[in-house]
Amino acid sequence: MSGVHLWSDLLAVPPATKERFPVIRLEPIEDAYLARDDRGCPIVLLNAEGPQTTPGMRLRVVAVDHDVPSIIDHDGNREARRLSIVRCTIDGEEGRQLFVRCVANALPAESAGRQRAGVNRAISHLANLFAAAARPGRPPAGLWAELLLIARAADGVSMLEAWHADAAERHDFALGVERLEVKATTGEARVHDFSLEQLRPPRDELFVSVASLLLSRQDGGTSIGDLWADCLVIAGQSETLRSKVDRLCVEYLGDAWISAAEFAFDEASAMRSLRLYDGSSIPQPHPPPPDVSAVRFRSHLENATTLTLEQRGSRPLAEIVYGAMI
């Protein structure tokens, strides 16, 4: 179930009273439930193992307590249990929606072996998400292009694993000695901004490929939210990959994450426009003197040379992306 649907379903659930929690299931997490308190703040209840002495956590916008007596009320059936309870303590609907959308992807999916210490780590990840959601975001076209290549790639899991750990990293994807940079523009000309370090990395043995897309806004097209959800499906049961998708999307979109997730583009047109280039073929200035750095420039790619079959054969990421083009 998507975060949007979870949020609307949660609003229909009566608030918790004392130890009694009317709940809905938190899919796809096993033995986990979603409720809300008398202030409307979302709550997650789940089974977690570990020493009874495992401490809870109190962070600015989220908290967790372990081994709490709870009465679960689900579909008219009541069950008394001792559970870990994760609480969103933030004021404001946007923050609560973010919690509901992302909490399942931060938690260990399988009930067997789920440890209270692992739940505590998930709480720390959620706190970082809230911090990222409070900062200004970037234009959404770049994220849409990256998500598209992951979601439609011949091997989406490998693309997710190669996706940068930090949205501010120099290249968008890295695998072995290959780097893949994704560029998208909503203009008619294939013009992109680069840093010289992106195309000429310090290590000579690195191969840089550039994926270029031309995007057209389209009402009813494929949205960032659609691709975000598709990438979570690709991530499957991997807590690491699921939380990575959420974290990078929120870091990229920042405080506009709700509205920016609705940005939609023409997917078919974007895929037809996709071209793969060797980084060295991109028009670029000559290497600057040793005492000059951080050179940025804008290049027109109309006359740049696309990757050859031989080049693609030695670049796994480029080959994975090319599989989505044919």
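Here is a short report on the structure shown in this document. (Residues numbered from 1 in each chain as written. Predicted model: local features only at pLDDT ≥ 70, side-chain atom pairs only at ≥ 80, totals over all residues. Heavy atoms only, no water.)

A look at the nonpolar core
Side chains of a nonpolar character, in soluble globular proteins, are inclined to be buried together.
Move 1: Grouped together as the largest cluster of nonpolar side chains are 83 residues, with contacts concentrated most on Leu 26, Val 44, Val 86, Phe 99, Met 159, Trp 163 and Phe 173.
Move 2: Those residues within four positions of Val 86 in sequence are excluded, and the remaining contacts are Pro 42, Ile 43, Val 44, Leu 46, Val 62, Ala 63, Val 64, Phe 99, Val 119 and Ile 123. (Core = buried A, V, L, I, M, F, W, Y, C linked by side-chain atoms within 4.5 Å. Buried < 20%, exposed > 50% of the residue type's maximum accessible area, 1.4 Å probe, protein only. Contact = heavy atoms within 4.5 Å.)

Digging into the packing of aromatic side chains
Move 1: Counted under the stated rule, the structure contains 2 aromatic pairs.
Move 2: Directly above the ring of Phe 265 sits Arg 217, whose terminal nitrogen or CZ lies 5.8 Å from the centroid. (Phe/Tyr/Trp six-rings, centres within 6.5 Å; stacked < 30°, edge-to-face > 60°. Lys NZ or Arg CZ within 6 Å of the ring centre and 35° of its normal.)

Here's the deal with the pairing of strand S9 (residues 178–185)
Move 1: Summarising burial for S9: 7 of the 8 residues are buried, a large majority.
Move 2: Relative to S9, strand S8 (residues 173–175) is paired through 3 bridges, and the arrangement is antiparallel. Counted as the bridge partner of Ala 174 is Arg 179 from S9.
Move 3: Hairpin connection, S8 to S9: the antiparallel pair is bridged by 2 residues, and Gly 176 has positive phi, about 60°.
Move 4: Summarising the sheet, S9 and strand S11 (residues 207–214) pair through 8 bridges and their orientation is parallel. Within the sheet, the bridge partner assigned to Lys 183 lies in S11 and is Ser 212. (Helix = DSSP H or I, 4+ residues; strand = E, 2+ residues; numbered from the N terminus. Pairing = 2+ DSSP bridges.)

Description of helix H8 (residues 239–253)
Move 1: Under the 1.5 Å per step criterion, the end-to-end length of H8 is 21 Å for 15 residues, consistent within 8% with the ideal 21 Å.
Move 2: Among the residues of H8, those classed as buried are Leu 241, Arg 242, Ser 243, Lys 244, Val 245, Asp 246, Leu 248, Cys 249, Val 250, Tyr 252 and Leu 253.
Move 3: Those residues of H8 that are buried are in contact with helix H2 (93–106), helix H3 (116–133), helix H4 (141–152), helix H5 (156–162), helix H7 (224–235) and helix H9 (257–260). (Expected span 1.5 Å × (residues − 1).)

Some words on the pattern of salt bridges
Move 1: A complete count under the given rule lists 16 salt bridges for this structure.
Move 2: Of the charged contacts, one joins Asp 31 and Arg 81 as a salt bridge, the two residues approaching to 2.8 Å between their closest N and O atoms. One end of the pair, Asp 31, is in the loop between strand S2 (24–25) and strand S3 (32–36); the other, Arg 81, is in strand S7 (residues 77–88), and 50 residues separate them in sequence.
Move 3: Its relative accessible area of 18% is what places Arg 81 among the buried residues.
Move 4: Here Arg 96 makes a salt bridge to Asp 91, at a shortest N to O gap of 3.8 Å.
Move 5: In this structure Arg 96 comes out as buried when scored by relative accessible area, which is 13%.
Move 6: Residue classification places Asp 91 among the exposed residues on the basis of a relative accessible area of 58%.
Move 7: When salt bridges with common partners are traced through the structure, they connect Arg 20, Asp 73 and Arg 78 into a single cluster. (Salt bridge = Lys/Arg side-chain N within 4 Å of Asp/Glu carboxyl O.)

Examining unusual backbone geometry
Move 1: The peptide bond linking Glu 27 to Pro 28 adopts the cis configuration, its omega dihedral lying at 5°.
Move 2: Here Pro 28 shows up in the loop between S2 and S3.
Move 3: With a phi close to 50°, Asp 31 is a non-glycine residue in the positive phi region.
Move 4: Positive phi outside glycine occurs at Ala 294, with the angle close to 55°.
Move 5: Of note, Ala 294 is situated in the loop between strand S14 (275–278) and strand S15 (296–300).
Move 6: With a relative accessible area of 59%, Ala 294 lands in the exposed category.

Focus on the sheet that holds S9
Move 1: Reading across from one edge, S8-S9-S11-S14 is the order of the 4 strands in this open sheet, with mixed pairing throughout. Strands with a single pairing partner mark the edges of an open sheet, and in this sheet they are S8 and S14. Adjacent strand axes in the sheet meet at a mean angle of 20°, parallel and antiparallel pairs treated alike.
Move 2: Set on the sheet, H4 makes contact with S8, S9 and S11; between it and S9 the angle comes to about 125°.
Move 3: Where helix H12 (residues 316–325) meets the sheet, it contacts S8, S9, S11 and S14, and its direction lies at approximately 40° from that of S9. (Axes fitted to C-alpha atoms, helices over the stretch in contact; angles between N-to-C directions.)

Section: the pairing of S11
Move 1: Where burial is concerned, most of S11 is hidden: 7 out of the 8 residues are buried.
Move 2: In this structure, S11 lies alongside S14, joined through 4 bridges in antiparallel fashion. Residue pairing across strands places Ser 209 opposite Asp 278, the latter belonging to S14.

Here we look at the environment of Val 208
Move 1: You can see Val 208 is positioned in strand S11.
Move 2: For Val 208, a relative accessible area of 6% puts it in the buried group.
Move 3: For Val 208 and Val 119, which are 89 residues apart along the polypeptide, the C-alpha to C-alpha distance reads 38 Å.
Move 4: The contacts of Val 208, once residues within four sequence positions are left out, are His 171, Arg 179, Gln 198, Leu 199, Pro 201, Tyr 277, Asp 278, Gly 279 and Arg 315.

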